[in-house]
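Reading the structure
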Amino acid sequence: MDIKELQEKVEHHLTLVWKEPVQITEIFHLSGGACQDNYALEIQSKSSKKSLVLRTDKGGSLLSSLSKRDEFKVAELVYNAGVKTPTPVYLEEQTSIIGTPFFLMEKIAGKATGRFITKDKELDTYRKTKMVSDLASNLAKLHTVTPESVKEEDLKQKLKLVTVENYISQAITDLRQSLDELPEAHPAIELCLNWMESHAPNIDKIVLVHGDFRTGNFMMNADGLQGILDFEFAHFGDRHEDIAWLCMRDWRFGRLNKEVGGFGDRKDFYKEYELTSGIKVDPYKVSYWEIMGNVRWAIGSAQQAERHLSGKDKGIELASIGRRTAEMEWEAMRLIEELENAI
């Protein structure tokens with residue numbers, strides 16, 4: 001569907017839904033990654049003028065990504081928990097409108113690209129003062145959402161109800177299954193999975209996990225954090241999982257000495273998270289989940305390459321991501337060696 005046809009279909013549908021004439025005065029495509037399509041919309045109606053983003057799927061999903069309905073519902077939960085995230089506006093579950101389900105959310109200011117967040121001069125002051133504390137406190141608020149606080153039973157199931165006793169073993173089982181579905185062998189990943197099985201830590205509490213909390217998934221400008229984005233991989237799990245994902249080497253964009261997202265230090269992030277949550281961050285658990293994160297991303301990278309190689313969803317971006325698999329394998333094994341030497 002070309003962008004003009006998309007505009008006409010969305011205009012017509014929103015006119016019916018909102019029961020007043022709706023005009024899209026401007027529409028353009030935003031970057032949305034390998035699996036998502038995002039469009040910026042300027043919407044004019046009789047009662048209001050809105051700057052919105054339309055978010056929908058464009059290809060196959062990775063691992064356990066949520067449907068657009070469930071992603072929207074998670075965004076509502078997180079927004080209501082006080083997390084700085086775009087206001088969820090409207091969900092359309094039917095495929096008959098534009099060919100896939102979609103939702104609308106508030107369009108916010110700022111940029112999310114890794115190079116901008118970690119290096120651009122516009123953010124120098126914010127990066128040195130409040131970037132770490134703002135992200136840590138918002139992540140702590142996100143983790144206040146628990147299975148008990150989610151009233152919709154269907155959504156609970158989609159977020160994978162787990163227990164502190166079975167979560168890690170189930171996560172490893174899921175990764176093994178994804179690995180087995182790849183056409184080629186990855187002995188380094190097998191080694192890491194075996195290590196994780198024998199070194200699993202305990203979990204203090206099951207909470208909502210963002211699932212992709214990293215540089216590139218929050219919008220910022222000189223005024224600070226504008227909003228946390230992309231809840232497609234949200235699930236119930238261990239709070240340390242999100243902290244570890246943000247610390248992964250791959251999300252530092254060349255600033256390897258800044259272990260938190262390429263812009264901050266671990267001790268500062270841990271301190272700010274603890275101040276908001278009242279819960280101590282366990283460095284061993286962060287390291288363990290960092291290993292798990294690299295294994296998960298290694299498998300995810302290989303899956304993206306397979307989408308391209310199989311012809312299912314051809315694209316140079318998918319192919320280029322696939323070549324990163326070996327980097328994640330190496331990093332996971334390096335972290336295991338580092339952790340073993342520290343014990």
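Here's a quick rundown of the structure. (Residues numbered from 1 in each chain as written. Predicted model: local features only at pLDDT ≥ 70, side-chain atom pairs only at ≥ 80, totals over all residues. Heavy atoms only, no water.)

Quick word on the pattern of salt bridges
To be explicit about the condition: Take a side-chain nitrogen of Lys or Arg and a carboxyl oxygen of Asp or Glu: if they are within 4 Å of each other, that pair is a salt bridge. Think of it in three bands: residues with accessible area under 20% of the maximum for their type are buried, residues over 50% are exposed, and the middle band is partly exposed, with areas taken using a 1.4 Å probe on protein chains only.
Applying the stated criterion across every chain, the model contains 30 salt bridges. As a salt-bridge pair, Asp268 and Lys267 come within 3.3 Å of each other at their nearest N and O atoms. Overall, Asp268 belongs to the partly exposed group, its relative accessible area being 30%. Shared partners join several salt bridges into a network, and the residues in it are Arg55, Asp57, Lys68, Glu71, Asp230 and Glu232.

A few points about the nonpolar core
Formally: For this analysis, a nonpolar core means a set of buried residues of the types Ala, Val, Leu, Ile, Met, Phe, Trp, Tyr and Cys, connected via side-chain atoms within 4.5 Å. To qualify as a helix, a DSSP run of H or I must reach at least 4 residues; to qualify as a strand, a run of E must reach at least 2; elements of each kind are numbered from the N terminus.
Ranked by internal contacts, the top residues of the largest apolar core, which has 73 residues, are Phe218 and Phe269. Ranked by residue count, the leading element in this core is helix H11 (residues 283-309), at 10 residues. Judged by nonpolar contacts, the second largest core, of 16 residues, contains Ile27, Tyr39, Leu41 and Ile43.

Observations regarding H11
Side chains of residues three or four places apart in an α-helix project in the same direction, reflecting 3.6 residues per turn. Selection criterion: In this analysis, the expected span of each helix is defined as 1.5 Å times one less than the number of residues it contains.
Taking 1.5 Å of rise per residue, the 27 residues of H11 would be expected to cover 39 Å, and the 39 Å separating its terminal C-alpha atoms lies within 8% of that figure. Most of H11 is tucked away: 22 of the 27 residues are buried. Downstream of H11 by a residue or two, Gly311 has a phi angle that is positive, lying close to 85°.

Points about the packing of aromatic side chains
Threshold: Stacked, tilted and edge-to-face are the three classes assigned to paired rings of Phe, Tyr and Trp, where Trp is represented by its six-membered ring and a pair needs centres within 6.5 Å; plane angles under 30 degrees give stacked, over 60 edge-to-face, the rest tilted. Distance and angle both matter: a charge sits over a ring if NZ of Lys or CZ of Arg is within 6 Å of the ring centre and within 35 degrees of the ring normal.
For the coordinates displayed, the defined rule picks out 10 aromatic pairs. Judged by centre distance (6.4 Å) and plane angle (75°), the ring pair of Trp18 and Tyr90 falls under edge-to-face. Of this pair, Trp18 sits in helix H1 (residues 3-18) while Tyr90 is found in strand E4 (residues 88-92), placing the two residues 72 residues apart along the sequence. Given the relative accessible area of 23%, Trp18 is considered partly exposed. Judged by its relative accessible area of 12%, Tyr90 is buried. Here a set of aromatic residues connected by ring pairs shows up, and it is made of Tyr167, Trp195, Tyr288 and Trp289. Directly above the aromatic system of Trp18 lies the positively charged group of Lys50, at a separation of 4.9 Å from the ring centroid. Looking at Arg214, its charged tip hangs above the ring of Trp251, at a distance of 4.3 Å from the centre.

Observations regarding the sheet that holds E4
The criterion, for reference: A pair of strands is labelled paired if DSSP reports no fewer than 2 bridges between them. For every element, the axis is a line fit to its C-alpha atoms; helices are fit only across the contacting stretch, and the angle between N-to-C directions ranges from 0 to 180 degrees.
What the 5 strands build is an open sheet, ordered E1-E2-E3-E5-E4; its pairing is antiparallel. Of all the strands in the sheet, just strand E1 (22-30) and E4 have a single pairing partner and so form its edges. Averaged over all neighbouring strand pairs, the angle between strand axes comes to 25°, with direction disregarded. Two elements, strand E2 (residues 36-45) and strand E3 (residues 49-57), share 9 bridges in a ladder whose sense is antiparallel. For Glu42, the partnering residue across the bridge sits in E3 and is Ser51.

By themselves, these observations are geometric and do not establish any function.
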